[in-house]
Amino acid sequence: MTWSIIACDSSTGQIGIAVATRFFAVGARVPHIAPGVGGIATQALVNPYYGIDGVKLLREGRSPREVVDILLVADDGREARQLHVMDIKGRIAAHTGRECIDWCGHIQGDGFSLAGNMLTGAAVLDDTAKAFVGNASLPFAQRLIVAMKAGEAAGGDKRGKQSAALLIHGEEEWSDLDLRVDDHTDPLAELERLEQVSRERWVHFRPFLPTRKNPAGITDRTIIDARIEAAGKA
């Protein structure tokens, strides 16, 4: 019922997941990221614990293949599930159960993984991959959205559209960007609009927040406001 991309931005070290579907609030269940470690997307007849437990396994140092194998062996419903995992090293593992609805499958490339089920055809993933590779000059968030829009143009979810999400993590436990469109007639277009809005203030405000290296962050509102104002004029 879904297709998704997990990718790593080689220039920033960020890990991102973008997903779209004809189902409500896909961002609440599909994407899971362990910052600086890896990402997991759990879909089809989604098992939320694939994400919850999978992230823990990645943090323990398990490889994506080990993560997938451990999750599947504990789940009698595995043949109705789909998941894919990629770590910060670019290692990828995926599973598409025999009971997932056609078209279904997964592909991988250099620094990205794609999986989908109940799609109009293989071209959805193929075109998503081509667009991701072909737009390397774009900022990471925009590159992920452009890739997903190419997959939608190739047919997307064969039932239609409803929700989409974009989750990006850098070094911190809190997300660099977490955008969700839970119920919309054109969710990827709305996701694109929200990403544009995020560049008005959020991406310029984000560096002032507390980090593990700087637990207090920057709290001088004069500095914060001046930096945001300057960014808006650039």
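Figured I'd write up the structure that's included with this text. (Residues numbered from 1 in each chain as written. Predicted model: local features only at pLDDT ≥ 70, side-chain atom pairs only at ≥ 80, totals over all residues. Heavy atoms only, no water.)

### A short note on the overall build of the protein chain
Looking only at helices and strands, one finds seven helices and ten strands in the protein chain. Against the 2.2 N^0.38 benchmark of 17 Å for 234 residues, the protein chain shows a C-alpha radius of gyration of 18 Å, consistent with a compact globule. Taking the principal axes of its C-alpha atoms as reference, the protein chain extends roughly 60 × 40 × 30 Å. Looking at the protein chain as a whole, 50% of its 234 residues are labelled buried. Counting contacts in the protein chain only where the partners sit at least 6 residues apart, residues at least 24 apart contribute 53% of the total. (Helix = DSSP H or I, 4+ residues; strand = E, 2+ residues; numbered from the N terminus. Rg over C-alpha atoms; globule rule 2.2 N^0.38 Å. Buried < 20%, exposed > 50% of the residue type's maximum accessible area, 1.4 Å probe, protein only. Contact = heavy atoms within 4.5 Å.)

### A closer look at the pattern of salt bridges
Under the counting rule described, the total for this entry stands at 13 salt bridges. With a shortest N-O distance of 2.8 Å, Asp 75 and Arg 81 are connected by a salt bridge. Looking at Asp 75, the relative accessible area reads 9%, which means it is buried. For Arg 81, a relative accessible area of 17% gives the class buried. Measuring nitrogen to oxygen at the nearest pair gives 4.0 Å for the salt bridge that ties Asp 76 to Arg 78. Asp 76 gets classed as exposed once you look at its relative accessible area, which sits at 77%. Its relative accessible area of 25% is what places Arg 78 among the partly exposed residues. (Salt bridge = Lys/Arg side-chain N within 4 Å of Asp/Glu carboxyl O.)

### Remarks on the sheet that holds strand β5 (residues 81-87)
Strand order in the open sheet formed by four strands is β3-β4-β5-β6, with antiparallel pairing between adjacent strands. Both outer strands of the open sheet, β3 (31-34) and β6 (92-96), are each paired with one neighbouring strand and no more. The mean inter-strand angle of the sheet, taken between neighbouring strand axes irrespective of direction, is 10°. In this structure, β3 lies alongside strand β4 (residues 38-44), joined through four bridges in antiparallel fashion. If you follow His 32 over to β4, its bridge partner there is Ile 40. (Pairing = 2+ DSSP bridges. Axes fitted to C-alpha atoms, helices over the stretch in contact; angles between N-to-C directions.)

### Considerations on the packing of aromatic side chains
Applying the stated criterion across every chain, the model contains two aromatic pairs. Taking 6.3 Å as the distance between ring centres and 50° as the angle between the ring planes, the aromatic pair formed by Trp 202 and Phe 205 counts as tilted. In this pair, Trp 202 and Phe 205 are both assigned in helix α6 (residues 202-205), three residues apart and thus about one turn of the helix distant. On the basis of relative accessible area, Trp 202 is assigned to the partly exposed category, the value being 28%. (Phe/Tyr/Trp six-rings, centres within 6.5 Å; stacked < 30°, edge-to-face > 60°.)

### Focus: the nonpolar core
Trp 3, Ile 5, Phe 132, Leu 144, Leu 166 and Leu 191 are the most contacted members of the largest nonpolar core, which totals 27 residues. Put simply, the parts of the chain that give this core at least two residues each are β1 (2-8), β2 (15-21), β8 (112-117), α3 (123-134), α4 (140-153), β9 (163-169), β10 (177-181) and α5 (187-198). In terms of residues, this core owes the most to one element, α4, which gives six residues. Setting aside anything within four residues of it in sequence, one finds Phe 132 in contact with Ile 5, Ala 7, Phe 112, Phe 140, Arg 143, Leu 144 and Ala 147. (Core = buried A, V, L, I, M, F, W, Y, C linked by side-chain atoms within 4.5 Å.)

### Quick notes on the pairing of β9
The buried count for β9 comes to seven of seven residues, which makes it a mostly enclosed element. What you see with β9 is no split at all: Ser 163, Ala 165, Leu 167 and His 169 on one side and Ala 164, Leu 166 and Ile 168 on the other are buried throughout. Here β2 runs beside β9; their pairing, made up of seven bridges, is antiparallel. Directly across from Ile 15, in β9, lies its bridge partner His 169. As paired elements, β9 and β10 share five bridges and run antiparallel to each other.

### Describing helix α7 (residues 221-233)
The end-to-end C-alpha distance of α7, which contains 13 residues, comes to 18 Å, matching closely the 18 Å that a straight helix rising 1.5 Å per residue would cover. Sitting at the head of α7, Asp 220 places a side-chain oxygen 2.9 Å from the backbone nitrogen of Thr 222. (Expected span 1.5 Å × (residues − 1). Polar contact = N/O pair within 3.5 Å; in protein donor to acceptor, adjacent residues only side chain to side chain.)

### Let's talk about the packing of helix α1 (residues 48-59) against helix α2 (residues 64-73)
Axis separation between α1 and α2 bottoms out at 10 Å; the angle between their running directions is 135°. Between α1 and α2, the interaxial angle falls into the category oblique. Two packed elements cross with a definite hand, and for α1 against α2 that hand is right-handed. Side by side, α1 and α2 meet where Tyr 49, Tyr 50, Asp 53, Gly 54, Leu 57 and Leu 58 of the first sit next to Val 67, Ile 70, Leu 71 and Leu 72 of the second. When the residues that make up the contact of α1 with α2 are grouped by side-chain class, the tally is eight nonpolar, one polar and one charged. (Parallel < 35°, antiparallel > 145°, perpendicular 65-115°, else oblique. Left-handed = near helix turned anticlockwise from the far one by under 90°. Nonpolar A, V, L, I, M, F, W, Y, C, P; charged D, E, K, R; others polar.)

None of this, on its own, says anything about what the molecule does.
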